[in-house]
Amino acid sequence: MDPKTAHPETIAAQALGWIDERTRAITPPIHVSSTYLRDEDNQYRSGRVYARADNPAFDQAEAVVCALERGAQAALFASGMAAATAVFQALAPGEHVLAPKVMYWSLRNWLTGFASHWGLEVELVDMSDPAAVQAALRPGRTKLVWIETPANPLWTITDIAATASLAHQAGAVLAVDSTVATPVLTQPLALGADLVMHAATKYLNGHSDLIAGVLVTREDNELWQRIRRVRAQIGGTLGSFEAWLLLRGMRTLHLRVRAASLSAQRIAEHLRLHPRVQAVLYPGLPDAPGHAIAAGQMEGGFGGMLSIRVRGGEAAAIAAAARVGLWKRATSLGGVESLIEHRASIEGAGTPAPADLLRLSVGIEDADDLIADLEQALR
Ligand SMILES: Cc1ncc(COP(=O)(O)O)c(C=O)c1O
(Lines give C-alpha, C1' and ligand atoms only; values in the text may rest on other atoms or scores of the structure.)
Protein backbone atom coordinates (compact mmCIF):
# COMPACT_ATOMS: atom_id res chain seq x y z
CA MET A 1 0.00 0.00 0.00
CA ASP A 2 1.21 3.48 -0.85
CA PRO A 3 1.55 5.54 2.37
CA LYS A 4 0.34 8.60 0.40
CA THR A 5 -3.14 7.07 0.06
CA ALA A 6 -3.23 5.71 3.62
CA HIS A 7 -5.15 7.03 6.62
CA PRO A 8 -3.92 10.31 8.17
CA GLU A 9 -2.48 8.43 11.19
CA THR A 10 -0.30 6.39 8.81
CA ILE A 11 0.71 9.45 6.79
CA ALA A 12 1.85 11.22 9.98
CA ALA A 13 3.54 8.22 11.64
CA GLN A 14 5.55 7.39 8.52
CA ALA A 15 6.00 11.00 7.36
CA LEU A 16 4.50 9.88 4.02
CA GLY A 17 6.81 6.87 3.95
CA TRP A 18 9.72 8.72 2.41
CA ILE A 19 13.22 7.32 2.70
CA ASP A 20 16.53 8.91 1.82
CA GLU A 21 17.25 7.33 -1.57
CA ARG A 22 21.03 7.77 -1.29
CA THR A 23 21.52 6.11 2.11
CA ARG A 24 18.22 4.16 2.54
CA ALA A 25 17.74 5.92 5.88
CA ILE A 26 14.11 5.97 7.02
CA THR A 27 14.44 9.34 8.67
CA PRO A 28 15.65 12.23 6.55
CA PRO A 29 19.01 13.96 6.82
CA ILE A 30 19.10 17.61 7.89
CA HIS A 31 19.98 19.79 4.92
CA VAL A 32 21.84 22.84 6.15
CA SER A 33 23.20 24.41 2.98
CA SER A 34 22.26 28.06 2.56
CA THR A 35 23.04 28.06 -1.18
CA TYR A 36 22.88 25.75 -4.21
CA LEU A 37 25.18 25.09 -7.15
CA ARG A 38 24.42 26.83 -10.43
CA ASP A 39 24.69 24.76 -13.64
CA GLU A 40 27.65 25.42 -15.97
CA ASP A 41 25.37 27.05 -18.49
CA ASN A 42 24.26 29.50 -15.77
CA GLN A 43 20.88 27.82 -15.17
CA TYR A 44 19.42 26.62 -11.85
CA ARG A 45 17.79 23.38 -13.02
CA SER A 46 17.58 21.99 -9.47
CA GLY A 47 15.00 24.67 -8.76
CA ARG A 48 16.99 25.68 -5.65
CA VAL A 49 18.92 28.92 -5.47
CA TYR A 50 19.13 30.18 -1.90
CA ALA A 51 17.70 28.80 1.35
CA ARG A 52 15.84 31.93 2.37
CA ALA A 53 13.44 31.22 -0.50
CA ASP A 54 13.33 27.45 -0.28
CA ASN A 55 15.12 24.58 1.39
CA PRO A 56 15.02 20.78 0.90
CA ALA A 57 14.83 20.52 4.70
CA PHE A 58 11.21 21.75 4.36
CA ASP A 59 10.03 19.34 1.67
CA GLN A 60 8.96 16.41 3.80
CA ALA A 61 7.36 18.40 6.64
CA GLU A 62 5.48 20.59 4.14
CA ALA A 63 4.27 17.51 2.26
CA VAL A 64 3.01 15.87 5.46
CA VAL A 65 1.07 18.95 6.63
CA CYS A 66 -0.28 19.42 3.10
CA ALA A 67 -1.49 15.79 3.00
CA LEU A 68 -3.07 16.03 6.48
CA GLU A 69 -4.93 19.22 5.52
CA ARG A 70 -5.70 17.87 2.03
CA GLY A 71 -4.37 21.02 0.41
CA ALA A 72 -2.51 21.83 -2.80
CA GLN A 73 0.67 23.24 -1.25
CA ALA A 74 2.12 24.05 2.16
CA ALA A 75 4.83 26.47 3.27
CA LEU A 76 6.75 26.45 6.54
CA PHE A 77 7.56 29.70 8.33
CA ALA A 78 9.83 30.75 11.19
CA SER A 79 6.84 31.07 13.56
CA GLY A 80 3.08 31.03 13.64
CA MET A 81 3.18 34.83 13.58
CA ALA A 82 5.46 34.82 10.49
CA ALA A 83 2.96 32.52 8.73
CA ALA A 84 -0.11 34.55 9.72
CA THR A 85 1.39 37.96 8.95
CA ALA A 86 2.60 36.71 5.53
CA VAL A 87 -1.06 36.29 4.52
CA PHE A 88 -1.87 39.91 5.41
CA GLN A 89 1.38 41.21 3.90
CA ALA A 90 0.39 39.59 0.61
CA LEU A 91 -2.55 42.05 0.45
CA ALA A 92 -2.29 45.65 -0.74
CA PRO A 93 -2.62 48.78 1.40
CA GLY A 94 -6.22 50.03 1.42
CA GLU A 95 -7.72 46.56 1.25
CA HIS A 96 -10.36 45.65 3.80
CA VAL A 97 -10.03 42.57 6.02
CA LEU A 98 -12.17 41.08 8.75
CA ALA A 99 -10.63 39.45 11.82
CA PRO A 100 -12.22 38.13 15.01
CA LYS A 101 -12.69 40.11 18.21
CA VAL A 102 -11.65 36.95 20.09
CA MET A 103 -8.39 35.64 18.68
CA TYR A 104 -4.71 35.02 19.45
CA TRP A 105 -3.82 38.33 21.13
CA SER A 106 -0.44 38.94 19.50
CA LEU A 107 -1.91 38.71 16.00
CA ARG A 108 -4.80 40.98 17.01
CA ASN A 109 -2.26 43.53 18.31
CA TRP A 110 -0.25 43.30 15.09
CA LEU A 111 -3.40 43.79 13.00
CA THR A 112 -4.68 46.78 14.94
CA GLY A 113 -1.16 48.25 15.23
CA PHE A 114 1.37 47.55 12.48
CA ALA A 115 -1.00 46.32 9.76
CA SER A 116 -3.41 49.23 10.23
CA HIS A 117 -0.57 51.81 10.16
CA TRP A 118 0.73 50.11 7.04
CA GLY A 119 -2.63 50.72 5.36
CA LEU A 120 -4.78 47.63 5.72
CA GLU A 121 -8.32 48.43 6.78
CA VAL A 122 -8.81 45.97 9.64
CA GLU A 123 -12.27 45.44 11.13
CA LEU A 124 -12.77 43.22 14.17
CA VAL A 125 -16.02 41.24 14.13
CA ASP A 126 -17.85 38.72 16.32
CA MET A 127 -17.14 35.72 14.10
CA SER A 128 -19.49 33.49 16.08
CA ASP A 129 -22.39 35.55 14.64
CA PRO A 130 -22.87 35.03 10.87
CA ALA A 131 -25.20 38.06 10.72
CA ALA A 132 -22.39 40.27 12.09
CA VAL A 133 -19.97 38.83 9.52
CA GLN A 134 -22.47 39.41 6.71
CA ALA A 135 -23.03 43.02 7.84
CA ALA A 136 -19.29 43.75 8.01
CA LEU A 137 -18.40 42.29 4.60
CA ARG A 138 -18.02 44.87 1.81
CA PRO A 139 -18.49 43.02 -1.49
CA GLY A 140 -15.58 43.70 -3.81
CA ARG A 141 -13.58 45.55 -1.12
CA THR A 142 -13.15 42.89 1.57
CA LYS A 143 -10.28 40.70 0.40
CA LEU A 144 -9.76 38.43 3.39
CA VAL A 145 -11.72 37.02 6.30
CA TRP A 146 -9.49 35.61 9.05
CA ILE A 147 -10.96 33.30 11.68
CA GLU A 148 -9.64 31.19 14.53
CA THR A 149 -11.68 28.25 15.84
CA PRO A 150 -11.70 27.31 18.68
CA ALA A 151 -10.41 30.81 19.48
CA ASN A 152 -8.08 31.92 22.25
CA PRO A 153 -8.72 32.32 25.14
CA LEU A 154 -12.50 31.78 25.42
CA TRP A 155 -12.61 28.87 22.90
CA THR A 156 -15.26 30.61 20.84
CA ILE A 157 -16.44 28.57 17.87
CA THR A 158 -16.85 29.92 14.32
CA ASP A 159 -18.83 28.03 11.69
CA ILE A 160 -16.19 27.47 9.00
CA ALA A 161 -18.53 26.40 6.17
CA ALA A 162 -21.01 29.25 6.77
CA THR A 163 -18.22 31.85 6.99
CA ALA A 164 -16.53 30.50 3.85
CA SER A 165 -19.77 30.84 1.95
CA LEU A 166 -20.33 34.44 3.18
CA ALA A 167 -16.72 35.40 2.38
CA HIS A 168 -16.90 33.90 -1.11
CA GLN A 169 -20.19 35.62 -1.92
CA ALA A 170 -18.44 38.93 -1.13
CA GLY A 171 -15.39 38.02 -3.24
CA ALA A 172 -13.10 37.46 -0.22
CA VAL A 173 -10.96 34.48 0.75
CA LEU A 174 -11.28 32.71 4.08
CA ALA A 175 -8.18 31.89 6.14
CA VAL A 176 -8.48 29.75 9.28
CA ASP A 177 -6.08 29.65 12.22
CA SER A 178 -6.63 25.97 13.04
CA THR A 179 -3.80 25.70 15.57
CA VAL A 180 -6.04 24.44 18.37
CA ALA A 181 -8.22 22.12 16.28
CA THR A 182 -5.27 20.59 14.37
CA PRO A 183 -5.84 18.57 11.17
CA VAL A 184 -6.73 15.64 13.42
CA LEU A 185 -10.02 17.23 14.53
CA THR A 186 -10.94 19.70 11.76
CA GLN A 187 -10.34 19.98 8.02
CA PRO A 188 -11.00 23.64 7.17
CA LEU A 189 -10.17 23.31 3.45
CA ALA A 190 -12.75 20.56 3.01
CA LEU A 191 -15.27 22.87 4.71
CA GLY A 192 -14.62 25.60 2.13
CA ALA A 193 -11.71 27.60 3.57
CA ASP A 194 -9.03 28.81 1.16
CA LEU A 195 -6.05 28.89 3.54
CA VAL A 196 -5.21 27.13 6.81
CA MET A 197 -2.61 28.38 9.24
CA HIS A 198 -1.01 26.58 12.18
CA ALA A 199 1.31 27.78 14.85
CA ALA A 200 3.32 24.57 14.38
CA THR A 201 5.00 25.55 17.65
CA LYS A 202 1.94 23.99 19.32
CA TYR A 203 0.30 20.63 18.56
CA LEU A 204 1.98 19.87 15.22
CA ASN A 205 5.36 19.76 16.94
CA GLY A 206 3.92 18.97 20.36
CA HIS A 207 7.04 19.06 22.52
CA SER A 208 7.49 22.75 23.43
CA ASP A 209 10.94 22.79 21.87
CA LEU A 210 10.64 24.86 18.72
CA ILE A 211 8.90 27.90 17.19
CA ALA A 212 7.41 27.32 13.72
CA GLY A 213 4.43 28.14 11.54
CA VAL A 214 2.82 26.70 8.43
CA LEU A 215 0.28 27.75 5.82
CA VAL A 216 -1.63 25.37 3.54
CA THR A 217 -3.56 26.51 0.47
CA ARG A 218 -6.52 24.86 -1.22
CA GLU A 219 -5.19 25.96 -4.61
CA ASP A 220 -1.97 27.28 -6.04
CA ASN A 221 -3.14 30.72 -7.16
CA GLU A 222 -1.93 34.31 -7.36
CA LEU A 223 -2.47 34.99 -3.65
CA TRP A 224 -0.47 31.88 -2.75
CA GLN A 225 2.40 32.96 -4.99
CA ARG A 226 2.39 36.41 -3.34
CA ILE A 227 2.52 34.70 0.08
CA ARG A 228 5.48 32.59 -1.06
CA ARG A 229 7.25 35.75 -2.22
CA VAL A 230 6.65 37.36 1.18
CA ARG A 231 8.42 34.41 2.81
CA ALA A 232 11.31 34.49 0.36
CA GLN A 233 11.78 38.26 0.43
CA ILE A 234 11.07 39.17 4.05
CA GLY A 235 12.79 36.01 5.22
CA GLY A 236 10.49 34.58 7.88
CA THR A 237 12.05 31.24 7.02
CA LEU A 238 12.28 28.24 9.33
CA GLY A 239 15.67 26.75 10.22
CA SER A 240 16.63 23.31 8.89
CA PHE A 241 16.93 21.69 12.32
CA GLU A 242 13.52 23.05 13.35
CA ALA A 243 11.94 21.61 10.19
CA TRP A 244 13.46 18.22 11.02
CA LEU A 245 12.25 18.40 14.64
CA LEU A 246 8.78 19.35 13.46
CA LEU A 247 8.64 16.33 11.17
CA ARG A 248 9.60 14.10 14.09
CA GLY A 249 6.97 15.69 16.33
CA MET A 250 4.22 15.19 13.77
CA ARG A 251 4.73 11.42 13.73
CA THR A 252 2.80 11.20 17.03
CA LEU A 253 0.30 13.98 16.29
CA HIS A 254 -2.83 11.83 16.28
CA LEU A 255 -2.00 10.00 19.52
CA ARG A 256 -1.19 13.24 21.31
CA VAL A 257 -4.21 15.22 20.13
CA ARG A 258 -6.65 12.42 20.93
CA ALA A 259 -5.17 11.88 24.39
CA ALA A 260 -5.24 15.61 25.16
CA SER A 261 -8.84 15.95 23.89
CA LEU A 262 -10.07 13.03 25.99
CA SER A 263 -8.42 14.40 29.13
CA ALA A 264 -9.62 17.96 28.44
CA GLN A 265 -13.20 16.71 28.13
CA ARG A 266 -12.86 14.85 31.45
CA ILE A 267 -11.30 17.83 33.20
CA ALA A 268 -13.99 20.19 31.83
CA GLU A 269 -16.77 17.89 33.01
CA HIS A 270 -15.13 17.52 36.42
CA LEU A 271 -14.49 21.24 36.99
CA ARG A 272 -17.92 22.46 35.87
CA LEU A 273 -19.32 21.04 39.11
CA HIS A 274 -16.52 22.42 41.24
CA PRO A 275 -17.60 24.89 43.97
CA ARG A 276 -14.49 27.07 43.39
CA VAL A 277 -15.10 27.30 39.64
CA GLN A 278 -17.60 29.82 38.35
CA ALA A 279 -17.50 28.69 34.71
CA VAL A 280 -15.70 26.24 32.44
CA LEU A 281 -15.17 27.38 28.85
CA TYR A 282 -14.80 24.33 26.61
CA PRO A 283 -16.60 23.62 23.31
CA GLY A 284 -17.02 19.96 24.28
CA LEU A 285 -19.52 20.83 27.03
CA PRO A 286 -23.09 20.39 25.75
CA ASP A 287 -24.19 23.82 27.02
CA ALA A 288 -21.16 25.69 25.62
CA PRO A 289 -22.05 28.37 23.07
CA GLY A 290 -21.09 26.93 19.70
CA HIS A 291 -21.16 23.32 20.90
CA ALA A 292 -23.49 22.19 18.11
CA ILE A 293 -21.34 23.85 15.42
CA ALA A 294 -18.17 22.44 16.99
CA ALA A 295 -19.74 18.97 17.03
CA GLY A 296 -20.50 19.34 13.32
CA GLN A 297 -17.05 20.51 12.21
CA MET A 298 -14.76 18.78 14.74
CA GLU A 299 -14.44 15.03 14.58
CA GLY A 300 -13.04 12.86 17.35
CA GLY A 301 -12.88 15.45 20.13
CA PHE A 302 -12.97 19.15 20.97
CA GLY A 303 -9.26 19.70 21.53
CA GLY A 304 -6.96 20.02 24.50
CA MET A 305 -7.62 23.70 25.38
CA LEU A 306 -10.05 24.96 28.01
CA SER A 307 -10.36 27.91 30.36
CA ILE A 308 -11.84 28.17 33.84
CA ARG A 309 -13.12 31.20 35.71
CA VAL A 310 -12.16 30.92 39.35
CA ARG A 311 -14.60 32.14 42.02
CA GLY A 312 -13.12 35.05 43.98
CA GLY A 313 -11.74 37.05 41.04
CA GLU A 314 -8.21 37.76 39.84
CA ALA A 315 -6.41 37.21 43.15
CA ALA A 316 -8.08 33.81 43.66
CA ALA A 317 -7.21 32.74 40.10
CA ILE A 318 -3.54 33.77 40.45
CA ALA A 319 -3.37 32.07 43.88
CA ALA A 320 -4.78 28.83 42.44
CA ALA A 321 -2.22 28.91 39.61
CA ALA A 322 0.51 29.43 42.22
CA ARG A 323 -0.44 26.20 44.02
CA VAL A 324 -0.19 23.71 41.11
CA GLY A 325 2.49 21.05 41.29
CA LEU A 326 2.22 19.04 38.06
CA TRP A 327 0.79 21.70 35.78
CA LYS A 328 3.45 24.13 34.62
CA ARG A 329 2.75 27.85 35.02
CA ALA A 330 3.74 28.97 31.53
CA THR A 331 2.36 30.47 28.36
CA SER A 332 1.95 28.50 25.07
CA LEU A 333 -0.06 25.37 24.39
CA GLY A 334 -0.15 22.06 22.58
CA GLY A 335 2.82 20.35 24.24
CA VAL A 336 2.90 16.95 25.92
CA GLU A 337 3.11 18.65 29.32
CA SER A 338 0.09 20.47 30.76
CA LEU A 339 0.33 24.26 31.16
CA ILE A 340 -1.75 26.69 33.21
CA GLU A 341 -1.76 30.44 32.74
CA HIS A 342 -3.47 33.56 34.10
CA ARG A 343 -4.30 34.82 30.64
CA ALA A 344 -5.18 38.48 31.32
CA SER A 345 -1.68 39.00 32.78
CA ILE A 346 0.01 38.18 29.47
CA GLU A 347 -2.54 39.72 27.10
CA GLY A 348 -2.73 43.09 28.89
CA ALA A 349 -5.00 45.95 27.77
CA GLY A 350 -7.78 45.05 25.36
CA THR A 351 -7.91 41.38 26.31
CA PRO A 352 -11.31 39.67 26.19
CA ALA A 353 -10.06 37.37 29.00
CA PRO A 354 -11.85 38.09 32.29
CA ALA A 355 -9.48 38.77 35.21
CA ASP A 356 -10.49 35.50 36.91
CA LEU A 357 -9.66 33.32 33.89
CA LEU A 358 -7.02 30.59 33.89
CA ARG A 359 -6.16 29.02 30.52
CA LEU A 360 -5.36 25.30 30.59
CA SER A 361 -3.41 23.46 27.90
CA VAL A 362 -3.98 19.78 28.63
CA GLY A 363 -1.05 17.49 27.88
CA ILE A 364 -0.83 13.73 27.70
CA GLU A 365 -0.19 12.95 31.36
CA ASP A 366 -2.57 10.73 33.35
CA ALA A 367 -5.88 12.62 33.60
CA ASP A 368 -6.44 11.57 37.23
CA ASP A 369 -3.09 13.11 38.17
CA LEU A 370 -4.01 16.34 36.40
CA ILE A 371 -7.41 16.49 38.12
CA ALA A 372 -5.91 15.74 41.55
CA ASP A 373 -3.38 18.54 41.08
CA LEU A 374 -6.10 21.03 40.09
CA GLU A 375 -8.24 19.89 43.04
CA GLN A 376 -5.52 20.66 45.56
CA ALA A 377 -4.71 23.97 43.82
CA LEU A 378 -8.36 25.11 43.93
CA ARG A 379 -8.93 24.00 47.51
C1 LIG B 1 -3.83 30.18 18.02
C2 LIG B 1 -2.46 30.73 17.81
N3 LIG B 1 -2.15 31.26 16.63
C4 LIG B 1 -0.92 31.77 16.39
C5 LIG B 1 0.06 31.78 17.36
C6 LIG B 1 1.41 32.35 17.06
O7 LIG B 1 2.36 31.32 16.94
P8 LIG B 1 3.92 31.54 17.26
O9 LIG B 1 4.04 31.75 18.73
O10 LIG B 1 4.58 30.28 16.76
O11 LIG B 1 4.35 32.74 16.50
C12 LIG B 1 -0.23 31.24 18.61
C13 LIG B 1 0.80 31.26 19.67
O14 LIG B 1 0.50 31.13 20.85
C15 LIG B 1 -1.51 30.70 18.84
O16 LIG B 1 -1.84 30.17 20.04
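Residues numbered from 1 in each chain as written. Predicted model: local features only at pLDDT ≥ 70, side-chain atom pairs only at ≥ 80, totals over all residues. Heavy atoms only, no water.

(A) A nonpolar patch on the surface, seen in detail. A cluster of nonpolar side chains, contributed by I30, V32 and F241, occupies part of the molecular surface with about 290 Å² of accessible area. Here V32 shows up in the loop between α1 (8–13) and α2 (56–69). Of the residues examined, V32 reaches a relative accessible area of 68% and is grouped as exposed. (Patch = residues over 30% accessible without salt bridge, like charges linked within 9 Å, V, L, I, M, F, W, Y side chains within 5 Å. Areas by Shrake-Rupley, 256 points an atom, 1.4 Å probe, with all protein chains shown as cover. Salt bridge = Lys/Arg side-chain N within 4 Å of Asp/Glu carboxyl O. Helix = DSSP H or I, 4+ residues; strand = E, 2+ residues; numbered from the N terminus. Buried < 20%, exposed > 50% of the residue type's maximum accessible area, 1.4 Å probe, protein only.)

(B) Main features of the site of the ligand. Of all residues adjacent to the ligand, which total 15 residues, the nearest are G80, M81, D177, T201 and K202. Here an oxygen atom of the ligand sits 2.8 Å away from a polar atom, N or O, in the main chain of M81. Protein contact buries 92% of the 390 Å² of open area that the ligand shows by itself. Broken down by secondary-structure element, the contributors of at least two residues to the shell around the ligand are α3 (80–89) and β6 (195–199). Among the residues forming the shell around the ligand, the class breakdown is seven nonpolar, five polar and three charged. (Near = heavy atom within 4 Å. Polar contact = N/O pair within 3.5 Å; in protein donor to acceptor, adjacent residues only side chain to side chain. Nonpolar A, V, L, I, M, F, W, Y, C, P; charged D, E, K, R; others polar.)

(C) Representation of the sheet that holds strand β1 (residues 73–77) within the structure. Strand order in the open sheet formed by seven strands is β1-β7-β6-β5-β4-β2-β3, with mixed pairing between adjacent strands. Both outer strands of the open sheet, β1 and β3 (121–125), are each paired with one neighbouring strand and no more. The mean inter-strand angle of the sheet, taken between neighbouring strand axes irrespective of direction, is 20°. Along the sheet face, α2 touches β1, β6 and β7 (213–217) and points at about 125° away from the line of β1. (Pairing = 2+ DSSP bridges. Axes fitted to C-alpha atoms, helices over the stretch in contact; angles between N-to-C directions. Contact = heavy atoms within 4.5 Å.)

(D) Looking closely at the pairing of β3. Of the pairings in the sheet, the one linking strand β2 (residues 96–100) to β3 comprises five bridges and is parallel in character. Residue pairing across strands places A99 opposite L124, the latter belonging to β3. The parallel pair β2 and β3 is bridged by helix α4 (residues 105–118), and the resulting crossover is right-handed. (Right-handed = clockwise from strand over helix to strand, strands pointing away.)

(E) How the structure looks around empty space enclosed by the protein. As enumerated under the stated definition, the model contains two cavities of 30 Å³ or more in all. Its boundaries defined by the atoms lining it, the largest cavity holds a volume of some 40 Å³. Lining the largest cavity are V173, D194, L195, T217, R218, E219, N221 and L223. Here the lining of the largest cavity is built from residues that sort into three nonpolar, two polar and three charged. Looking at the second largest cavity, the residues that line it are Y203, G206, R256, V257, A260, G334, G335, V336, V362, G363 and I364. Its residues placed into classes, the lining of the second largest cavity shows six nonpolar, four polar and one charged. (1 Å grid on protein atoms, 1.4 Å probe; cavity = no way out; pocket = protein on both sides within 12 Å on 5 of 7 lines; lining within 4 Å. Points joined across faces, edges and corners; volume = space filled by probe spheres on them.)

(F) Just helix α6 (residues 160–169), in detail. Of the residues making up α6, those classed as buried are I160, T163, A164, L166 and A167. Here the buried residues of α6 occupy an arc of 165° about the axis, which is enough to place them on one side. In this fold, the buried residues of α6 make contact with α5 (130–136), β4 (142–148), β5 (173–177) and α11 (291–297). Count one or two residues on from α6 and you reach G171, which has phi positive near 85°. (Arc of directions from axis to C-beta.)

(G) View of the packing of aromatic side chains. The final tally for this structure, using the stated rule, is four aromatic pairs. Between the aromatic rings of F88 and W110, the centroid separation amounts to 6.2 Å while the plane-to-plane angle is 55°, which identifies the pairing as tilted. Highlighted residues: F88 in helix α3 and W110 in helix α4, separated in sequence by 22 residues. For the pair F88 and W110, one class covers both residues: buried. (Phe/Tyr/Trp six-rings, centres within 6.5 Å; stacked < 30°, edge-to-face > 60°.)

(H) Main features of the packing of α3 against helix α8 (residues 222–234). Running from amino to carboxyl end, α3 crosses α8 at an angle of 115°, the nearest separation of the two axes being 8 Å. The two elements α3 and α8 cross, and the hand of that crossing is right-handed. From α3, A86, V87 and Q89 reach across to α8, where they touch I227, V230 and I234. Residue composition of the contact of α3 with α8, grouped by class: five nonpolar, one polar and no charged. (Left-handed = near helix turned anticlockwise from the far one by under 90°.)

(I) Representation of the pattern of salt bridges within the structure. By the definition in use, this model includes 20 salt bridges. Note that R359 and E341 form a salt bridge whose closest N and O atoms lie 3.5 Å from each other. In this pair, R359 is assigned in strand β12 (residues 357–361) and E341 in strand β11 (residues 339–342), connecting sequence segments 18 residues apart. Here R343 and E347 are joined by a salt bridge, their closest N and O atoms 2.8 Å apart. One end of the pair is R343 and the other is E347, both in helix α13 (residues 343–347) and four residues apart, which spans about a single turn.

These figures capture arrangement, not role.
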